[in-house]
Amino acid sequence: MSTKTTLLDYERSRRKRDPVADAAPLEDGYWRRKKLTEMSEREWEALCDRCSKCCVISIEDADTNELYLTDVSCKLFDTKTCGCSDYANRKQYVPDCVKLTPKNVPKLDWLPRTCAYRLVSEGKDLFWWHPLISGSEDSVHDSKASVRNKTRPEGRLKMPGLIKRITRWPTPLEKPPAKYRRRRRVRA
Ligand code: SF4
Ligand code: SF4
């Protein structure tokens, strides 16, 4: 078995910066019209819903290629904020943190099926809880799609300990709770 630790790169550009495109406001539904390769830096960054399932350690069975998610996070993950605690210097501490790019997203089969980058790469729409749709950064947590406050750091856990922490994460809510439905009606 092997462990995989993941990551995305919000700030380090994977392409030449385009100041005009990056300063432009986000267009409604841009992710339905653009491929990952066509997005500006700003659009690329906004695509992440901050669920942080990619900061949870997964274990792959080398015989079956089956992937198991644990509730153990990367050592830099802050479960209360649901984010990396030292993003700028993360590579020093977690060298196997993988930077997401338009090129590697289609090949990364360990990305959660709900990952916004994976969805767009597969030609699918985002789920209701995505902040770009709900208009709220809380919806990803309210939907149960995120790992906020549900992980423990890897510490000194070795493989046998990790295997004991294999977890079935809850299926995110299919439909938005009433407060998000109300919010949409007010906007309309
Ligand atoms: S949307 Fe994808 S890249 Fe962003 S935190 Fe979730 S799994 Fe990670
Ligand atoms: S180093 Fe940071 S971004 Fe990378 S997996 Fe760990 S917590 Fe996530």
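Residues numbered from 1 in each chain as written. Chains lettered and ligands numbered in written order. Predicted model: local features only at pLDDT ≥ 70, side-chain atom pairs only at ≥ 80, totals over all residues.

## Regarding the pairing of strand β3 (residues 67-73)
Item 1. One ladder, built from four bridges, connects strand β2 (residues 56-60) with β3; its direction is antiparallel. Within the sheet, the bridge partner assigned to I59 lies in β3 and is Y68.
Item 2. The turn joining β2 and β3, which pair antiparallel and follow one another in sequence, is formed by six residues; a positive phi near 65 degrees is taken by N65.
Item 3. Note that β3 and strand β6 (residues 152-153) share two bridges and pair parallel. Along β6, the bridge assignment pairs S73 with P153. (Pairing = 2+ DSSP bridges. Helix = DSSP H or I, 4+ residues; strand = E, 2+ residues; numbered from the N terminus.)

## What about the nonpolar core?
Generally speaking, soluble globular proteins have nonpolar side chains that are buried together.
Item 1. Counting 27 residues, the largest nonpolar core has L47, C55, C115, A116, Y117 and V120 as the members making the most contacts within it.
Item 2. Of all elements in the fold, only β2 and α5 (116-121) reach the threshold of two or more residues within this core. (Core = buried A, V, L, I, M, F, W, Y, C linked by C-beta atoms within 7 Å. Buried ≥ 20, exposed ≤ 12 C-beta atoms within 10 Å, placed from the backbone.)

## Some remarks on unusual backbone geometry
Item 1. Not every positive phi belongs to a glycine, and K144 is a case in point at roughly 70 degrees.
Item 2. Relative to the helices and strands, K144 resides in the loop between α7 (139-142) and β6.
Item 3. Here K144 falls in the partly exposed class, since 16 other C-beta atoms lie within 10 Å of it.
Item 4. Positive phi, normally seen in glycine, also occurs at N149, with a value near 60 degrees.

## Looking at the environment of P177
Item 1. Of note, P177 is situated in the loop between α8 (159-164) and α9 (178-187).
Item 2. Since 13 C-beta atoms lie within 10 Å of it, P177 is described here as partly exposed.
Item 3. Between the C-alpha atoms of P177 and D142, which are 35 residues apart in sequence, the distance is 8.3 Å.

## Overview of the confidence of the model for the protein chain
Item 1. Scored by pLDDT, the protein chain has a mean of 87; 87% of the residues are at 70 or more.
Item 2. Of all the helices and strands in the protein chain, strand β1 (residues 2-4) carries the lowest mean pLDDT, 41, while α7 carries the highest, 98. (pLDDT = per-residue confidence, 0-100.)

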